[in-house]
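# Summary of structural features
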Protein chains: 2
Amino acid sequence: MELNCGNLDDVPTSDTPVCVLGLGLIGGSVLRALTRAGRATYGWNRSQAGVDAAAADGFDTSSDLAATLARADEGHVVLVAVPVPALDSVLASVADHAPHAWLTDAVSVKAHVAKRVAAAGLTSRYAGGHPMAGTAQSGWSATDAELFDGATWVVVADDATPARAWLEAASVGLDCGAAVVPAGSAEHDAAVARISHSVHMVAEAAAVTAEADPAASRLALSLAASSFRDVTRVAGTPPSLVRAMCESNRDALLHALDDTIAELSAVRGELAEHGTVAGLVERGHSARRDYDAVTRTPFTPALDGAGWQRALREAGHAGGVVTELP
Amino acid sequence: MELNCGNLDDVPTSDTPVCVLGLGLIGGSVLRALTRAGRATYGWNRSQAGVDAAAADGFDTSSDLAATLARADEGHVVLVAVPVPALDSVLASVADHAPHAWLTDAVSVKAHVAKRVAAAGLTSRYAGGHPMAGTAQSGWSATDAELFDGATWVVVADDATPARAWLEAASVGLDCGAAVVPAGSAEHDAAVARISHSVHMVAEAAAVTAEADPAASRLALSLAASSFRDVTRVAGTPPSLVRAMCESNRDALLHALDDTIAELSAVRGELAEHGTVAGLVERGHSARRDYDAVTRTPFTPALDGAGWQRALREAGHAGGVVTELP
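Residues numbered from 1 in each chain as written. Chains lettered and ligands numbered in written order. Predicted model: local features only at pLDDT ≥ 70, side-chain atom pairs only at ≥ 80, totals over all residues. Heavy atoms only, no water.

Next up on the list: the nonpolar core. Counting 82 residues, the largest nonpolar core has Ile-195 and Met-201 of chain A together with Ile-195 and Met-201 of chain B as its most contacted members. One finds Val-77, Ala-157, Ala-169 and Leu-312 of chain A within the second-largest nonpolar core, a separate group that totals 40 residues. (Core = buried A, V, L, I, M, F, W, Y, C linked by side-chain atoms within 4.5 Å. Buried < 20%, exposed > 50% of the residue type's maximum accessible area, 1.4 Å probe, protein only.)

Turning our eyes to something else, we now look at helix α4 (residues 87-97) of chain B. Residue and element names in this part refer to chain B. Burial in α4 covers these residues: Leu-87, Val-90, Leu-91, Ser-93 and Val-94. Down the axis of α4, the buried set is contained in an arc of 155 degrees. They therefore lie on one face. Where α4 is buried, its residues contact β1 (18-21), β2 (41-44), α3 (65-72), β4 (77-80), β5 (102-105) and α5 (111-119). (Helix = DSSP H or I, 4+ residues; strand = E, 2+ residues; numbered from the N terminus. Arc of directions from axis to C-beta. Contact = heavy atoms within 4.5 Å.)

Interpretation of this model should avoid reading the predicted coordinates in detail wherever pLDDT is low. All names here are of chain A. Per-residue confidence for chain A gives a mean pLDDT of 93; residues scoring 70 or more make up 95%. This stretch, residues 1-13, has a pLDDT under 50; its non-local contacts, to residues over four places away or in other chains, come to 26 contacts. In the model output, the complex is listed with pTM 0.86 alongside ipTM 0.86. (pLDDT = per-residue confidence, 0-100.)

Helix α12 (residues 278-292) of chain B packs onto helix α10 (residues 239-247) of chain A with a crossing angle of 150 degrees between their chain directions and a minimal axis gap of 10 Å. Classified by the angle between their axes, α10 of chain A and α12 of chain B sit roughly antiparallel to one another. In this structure, the crossing between α10 of chain A and α12 of chain B has a hand that is right-handed. Here α10 of chain A contributes Pro-239, Val-242, Arg-243 and Glu-247 of chain A to the contact with α12 of chain B, which in turn contributes Ala-278, Val-281, Glu-282 and His-285 of chain B. Looking at the contact of α10 of chain A with α12 of chain B residue by residue, the classes come out as four nonpolar, one polar and three charged. (Axes fitted to C-alpha atoms, helices over the stretch in contact; angles between N-to-C directions. Parallel < 35°, antiparallel > 145°, perpendicular 65-115°, else oblique. Left-handed = near helix turned anticlockwise from the far one by under 90°. Nonpolar A, V, L, I, M, F, W, Y, C, P; charged D, E, K, R; others polar.)

Following this line, the structure appears as structure tokens:
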């Protein structure tokens, strides 16, 4: 069986077995969701405890990375869901042991991962992915086969993305219950800096502010109600995960933070000088209404012409989502 | 019947009829919750539409403020739940038509309301209140008898607060299903600036930031998931309500905003210069854990000695809550 040619008809994509590397909240939930959808799946985790927990729930898992990747080298899909600091060593193992696998990932920054994939010589097998779902919990015990139901799942269509890799990655997202949004790495990273990474920073800052006045902090935390609970919920995310995604998206996050700080500084000035917060509040309310009104339009991607990647990016940018593959 | 003497034994506090002025989300929910608890209640609303909606649900309501307050002048409790801009005119009517009523309120700032109450000559009848509950909805249609169940409800114990007024206000909070936290006006306002008003500001700023890059805004809103949804939820609150509470707590909010802006500026600098967000993320996570670990200790308030107001403030500050009255 020749799987290295990019011919889309070789194997129905929904039948390709999937090898999940890293069985935390996201990787473990992918394993559960794909298994629910009838896919052949297996997984690897660095810690034996994670392997054992997943095996106890009936999943095919191992802590032997080389042996796991040797199985995947039969043209399977490898989905990388390890923390950013572990990325390089895992990608080096993929290059060594599964050069014929298709490669995707579930890491929340895409330009950084694409660079590391290129450094490992795997670009011709790779389409990046990012499921837009999560909770503040972590580890196998938090995994949920329904985590991605109704969510969006970005699959990167950069100019260098191979068509077969894109389809395999998109098929994983669809089988997990998500709708697929095509996007470029750079525009994805700019977007998530604004709807996730800077949002985590303001949640952390809001939590710290509640305690910053020693004379009021105990009373403040005691009185905190739903607005505080909702805004600071993501500050409960393990710090290592927040650091990994924010620090690997540094440039885009700096731009987003500059905008957030400018807004808060402007409203502080307006309140001090004119006693009003109207400017920020009216625009914030309007932006939230825009978010509530977002609509997505299903479309069928075409991956057979020149420049298909650009066409997909433009469709995703305009609100298009893929809910089934051609 | 002499109700103007401050003798706590005149009338069991839980039997005192309650007159609610303003039938929006908070006032209307108070009317529902007290009625559920078996209290005699009636209400006034400025707009006839609100009066009619509440009457259609079986409540005793009117748009005639003078006539409504004439009923309350029999030593009833008047609870003011009107928007801040309407406060002065409503308090003037209370002074004119119900000088013998006990007075409390449900406005989210306390020093400002206490000043307006003093200006109306009503301090000897008044104990301020603030139920720590709400949603982003507004109006009678959003009212809910269960809105305050399990919530905290601040009842102000300033040095000038009369004991009988404090008990009447606390009894209203308890009958609404809340636990009562005694606090001073100034410390309440400092606390809510940090757990509500500045939190609204960062939510608004996060929503605006999502749209601030025109090249990425459509994609950003399309990809926004649970972190964005939760953090910006309160940006869906009607702007007039956010403005009223923030602008009437100007000084305390400026202090809180200064702390939030300083945190975000510091993490921006750390990320730009050292590539890390660790300092803010570790402290934000710790603050959120402190919030999750908050415990409250029920205590029975004593209102019969000199300096009882100070003793209540200290008890509230130390985590004490009142769940039943002496």
